[in-house]
Amino acid sequence: MTDQTNWTGKEFEGKVFDLSVQGLGIIRDEASRCVFFVAGAWPGEDIRFRVTSMTPRYGMGELLEIKTHSPDRRTSPCPYHGIAIGQCGGCPWMGIQYAAQLEAKQKIVESQFERFKISCDVKQIIGAPEEFGYRNRAQLKTDGTQLGFVSQQSRQIVDVETCLTLTSQVQKQLEDLRQRLPNNSWRPSGTHDWNFMDIDGETQQEPTLNRRQAFRQANDAQNTFMQNWLLKQLQKQDKNTPILELFAGSGNFTDVLRKDGFSHITAVEAAKEATAELEQLSPAIKTLTMDIFKNANWSRIYKTSAKAEILLLDPPREGFPGFAEFAAPLKKLKKIIYVSCDVQSFIQNIKPLVGNGWVISELQPIDMFPQTPHIEILASLRKV
């Protein structure tokens, strides 16, 4: 095999034959049998790229030229689009037709299940009703003179006047904030390159520097689909069935269950502000404020939810490491509903269960973030 130790900086040409789960183009050098991952490349394209880093198993590359363009490409409507320094990079797939984006996401999900040898009927991905103007919130960066997003290849702020993915309400907030530039009170202190501010179409409150807002789904239309999908999974369930919900947040799913008549819900969440909101919804909701990732806290959950028959969870991108270990003591469980924003962490979490007393009864991909490789997974598992 060819020595690859000095390949960093070397240029190669090759054809993109697939996409990684992160949405990177995959090229295989037949002579060395080495695989490269290149951002901005699309299947079927002949490209030229420069190697930026190497490991014994694969290399990362920087796209230099697309020699043969895919018919799926389109001219990006965003003036900030791109993956180079000084370009936004937040919507890496904006130069690809939306139908092709959905096809690629469907294939990514199916190929990941095949790779990990999990037998499952993957439903057709649900595309977003609108591929632009869907984001109901955003996090902006500012140094007091610029306001926008950070270029993915640097720590440089891309000064953004308009963002095509924002709803009209959030875009108006961006425009209003830009009227206040330059702003000395927004300048970062010490060694920080910027301050951040969260804007949200649901609130007209003044954004506070460096204060994160409580999490909520950023695509209202697709979030409504998820809520309705959840109710469909439970439509034949007795309303007195005990439900345990992990990573409950401020009640995105909890409130839907409550309104549908479920009367025995235990909601677990780490943020005190979120559980305080949950407690205001209904006395039928029992809350636990704790870090679910700490095994030492699990005993408290078992004490309150030993009779839980349904487990609902919507963890962050890293998933819930040790999920199978957590679920094992819950002997009454009959159904698990898992909402995931990362295909790989989802598979890693549920693989120990599938074939070991559990089967996936439904798996529905959904596109929450058009123009990006992000994929949401809605999964229902039942005990056999």
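Residues numbered from 1 in each chain as written. Predicted model: local features only at pLDDT ≥ 70, side-chain atom pairs only at ≥ 80, totals over all residues. Heavy atoms only, no water.

**Things to note about the sheet that holds strand 9 (residues 195–200)**
Moving on, step 1. Here we have four strands laid out as an open sheet, ordered 8-7-6-9, and antiparallel in their pairing. Edge positions in the sheet fall to strand 8 (157–159) and strand 9, since each of these pairs with one other strand and no more. Across the sheet, the mean angle separating the axes of adjacent strands is 50° when strand polarity is ignored.
Moving on, step 2. Of the pairings in the sheet, the one linking strand 6 (residues 137–142) to strand 7 (residues 147–150) comprises two bridges and is antiparallel in character. Its bridge partner being in strand 7, Thr142 is matched across the sheet by Leu147.
Moving on, step 3. On the sheet, helix 2 (residues 168–178) packs against strand 6, strand 7, strand 8 and strand 9 and is oriented at approximately 140° with respect to strand 9. (Pairing = 2+ DSSP bridges. Helix = DSSP H or I, 4+ residues; strand = E, 2+ residues; numbered from the N terminus. Axes fitted to C-alpha atoms, helices over the stretch in contact; angles between N-to-C directions. Contact = heavy atoms within 4.5 Å.)

**What about helix 2?**
Moving on, step 1. Every buried residue belonging to helix 2 is among Val170, Gln171, Gln173, Leu174, Leu177 and Arg178, and all of these are buried. All buried residues of helix 2 lie within an arc of 155° about the axis, which places them on one face of the element. (Buried < 20%, exposed > 50% of the residue type's maximum accessible area, 1.4 Å probe, protein only. Arc of directions from axis to C-beta.)

**Description of the packing of aromatic side chains**
Moving on, step 1. Applying the stated criterion across every chain, the model contains 19 aromatic pairs.
Moving on, step 2. Measuring from centroid to centroid gives 5.2 Å for Phe36 and Phe49, while their planes differ by 55°, and the two rings are tilted. Here Phe49 lies in strand 4 (residues 46–54) and Phe36 lies in strand 3 (residues 34–38), a separation of 13 residues in the sequence. Take Phe36 and Phe49: they sit in the same class, and that class is buried. (Phe/Tyr/Trp six-rings, centres within 6.5 Å; stacked < 30°, edge-to-face > 60°.)

**As for the state of the cysteines**
Moving on, step 1. Overall, the coordinates contain zero disulfides when judged by the stated rule.
Moving on, step 2. Looking at the unpaired Cys341, the closest cysteine sulfur is the one in Cys91, lying at 17 Å. (Disulfide = S-S within 2.5 Å.)

**Some thoughts on the pattern of salt bridges**
Moving on, step 1. Under the defined criterion, the tally for this structure stands at 23 salt bridges.
Moving on, step 2. The partner of Asp176 in a salt bridge is Lys172, with the nearest N and O atoms 3.0 Å apart. Here the residue Asp176 and the residue Lys172 both occupy positions in helix 2, the gap between them amounting to four residues, near one helical turn.
Moving on, step 3. Lys172 gets classed as partly exposed once you look at its relative accessible area, which sits at 45%.
Moving on, step 4. Salt-bridge contacts for Asp200 lead to Arg216; the nearest nitrogen and oxygen are separated by 2.6 Å. Here Asp200, found in strand 9, pairs with Arg216, found in the loop between strand 9 and helix 3 (220–233); they are 16 residues apart in sequence, far enough to count as distant. The exposure classification of Asp200 matches that of Arg216, with both residues buried.
Moving on, step 5. Overlapping salt bridges, with partners in common, bring together Glu11, Arg48, Arg50, Glu62 and Glu65 in one network. (Salt bridge = Lys/Arg side-chain N within 4 Å of Asp/Glu carboxyl O.)

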